[in-house]
Amino acid sequence: MSLAVASVCCFANFCPSLIAEEIKYPSPDGRFALRITQSKDDEYHPTVELIEKNSGTVLVTLHNASDDELFDASESVLVWSADSKSVAYGFRASPPGARVLSLGALVCFWNGSGFDKVFLPENLPSPRIKFPKGKEENVKPYGGGVKPLKWLKSGELEMSSEEMMLSRDDGKSYTGVMRFTVSFDAQHQPTVKNIGKSKTEVDE
């Protein structure tokens, strides 16, 4: 009997330290939020879920701990529409420690009882980096991708697209940035619209 009690105490004492849970990015109406759950012994296989905040009910799983690929949830973000019925999920798709950055996004829509995932088109707009004359040949890619910015009153999602390059000739990092919007029809099929101009940022 004493052994059983000791086992229960050990379990109660150590289990909380093995699992870390973080809830953030609540919806405007306060009903929903993002929950990240991960083992402190394996922080790069987290579970990322969209939940009902008060009950903890899982509405949709965005990343699963059982996935083989490494995933860093620290850069995960939710961008909500004003009515809390549309949400864009932004994440870092490249594994931790990867030399090339890869950013991705997907969208979820409320269906009355949960959220349905909608994947964005594969070939989203990417910016053109403007290098000084003679500095565009000897370059090294650092990656990039897309991230959600905000929902517009029209129902379109405004997004940012970035690409990063290092010029070996002058040692400077060049980042191309552009904005565009994505519209969704009644079946939530996405279409890219309103592609802006590329801008180049230089980091000494």
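Each remark here, short or long, concerns the structure printed above.
As a starting point, this report considers the structure included with it.

### Let's talk about the overall build of the protein
Secondary structure summary: the protein contains one helix and 13 strands in total. Mapped in sequence order, the helices and strands of the protein form the string α-β-β-β-β-β-β-β-β-β-β-β-β-β. Seen along its three principal axes, the alpha-carbon backbone of the protein occupies a region of about 80 × 45 × 25 Å. For the protein, buried positions account for 39% of its 204 residues. Sequence-distant contacts in the protein: of pairs separated by 6 or more residues, those separated by 24 or more amount to 45%. In the structure as shown, the protein presents an accessible area of about 12000 Å², 51% of it carried by carbon and sulfur atoms. If you average the places of the 23 positive and of the 28 negative side-chain charges in the protein, the two averages end up 8 Å apart.

### Looking at unusual backbone geometry
Residues other than glycine predominantly adopt negative phi, and peptide bonds predominantly adopt the trans conformation. Positioned with a positive phi, Y25 is a non-glycine residue whose angle comes to about 55°. Along the chain, Y25 falls in the loop between strand 1 (19–24) and strand 2 (32–39). At N194, a position not held by glycine, the phi torsion is positive, near 45°. Here N194 lies in the loop between strand 12 (190–193) and strand 13 (199–203).

### Quick look at the nonpolar core
Considering soluble globular proteins, one finds that nonpolar side chains tend to be buried as a cluster. V48, L62, Y89 and F115 are the most contacted members of the largest nonpolar core, which has 19 residues in total. Elements represented by at least two residues in this core include exactly strand 2, strand 3 (42–52), strand 4 (58–63), strand 5 (77–80), strand 6 (86–92) and strand 7 (101–110). Once residues lying within four places of it in the same chain are set aside, the contact partners of L62 are L34, V48, E49, L50, Y89, L106, C108 and K117. Grouped together as the second largest cluster of nonpolar side chains are 15 residues, V79, F109, W151 and L157 included.

### Looking at the packing of aromatic side chains
Per the counting criterion, the structure on display carries eleven aromatic pairs. Ring plane angle 20° and centroid distance 6.1 Å describe the contact between F32 and W80, whose orientation is recorded as stacked. With a gap of 48 residues between them, F32 in strand 2 and W80 in strand 5 connect regions that are remote in the sequence. Consider the rings of W151 and F184, whose centres lie 6.0 Å apart with planes at 35°: the pair is tilted. Within this pair, whereas W151 is found in strand 9 (residues 139–151), its partner F184 is found in strand 11 (residues 173–184), the two being separated by 33 residues in sequence. You can call W151 buried: its relative accessible area is 12%. Of the residues examined, F184 reaches a relative accessible area of 17% and is grouped as buried. Grouping aromatic residues by their ring pairs yields a cluster made of F32, W80, W110 and F115.

Reading the values: the criteria
Residues numbered from 1 in each chain as written. Predicted model: local features only at pLDDT ≥ 70, side-chain atom pairs only at ≥ 80, totals over all residues. Heavy atoms only, no water. Helix = DSSP H or I, 4+ residues; strand = E, 2+ residues; numbered from the N terminus. Buried < 20%, exposed > 50% of the residue type's maximum accessible area, 1.4 Å probe, protein only. Contact = heavy atoms within 4.5 Å. Areas by Shrake-Rupley, 256 points an atom, 1.4 Å probe, with all protein chains shown as cover. Lys, Arg positive; Asp, Glu negative; His and termini not counted. Charge placed at Lys NZ, Arg CZ, Asp CG, Glu CD. Core = buried A, V, L, I, M, F, W, Y, C linked by side-chain atoms within 4.5 Å. Phe/Tyr/Trp six-rings, centres within 6.5 Å; stacked < 30°, edge-to-face > 60°.

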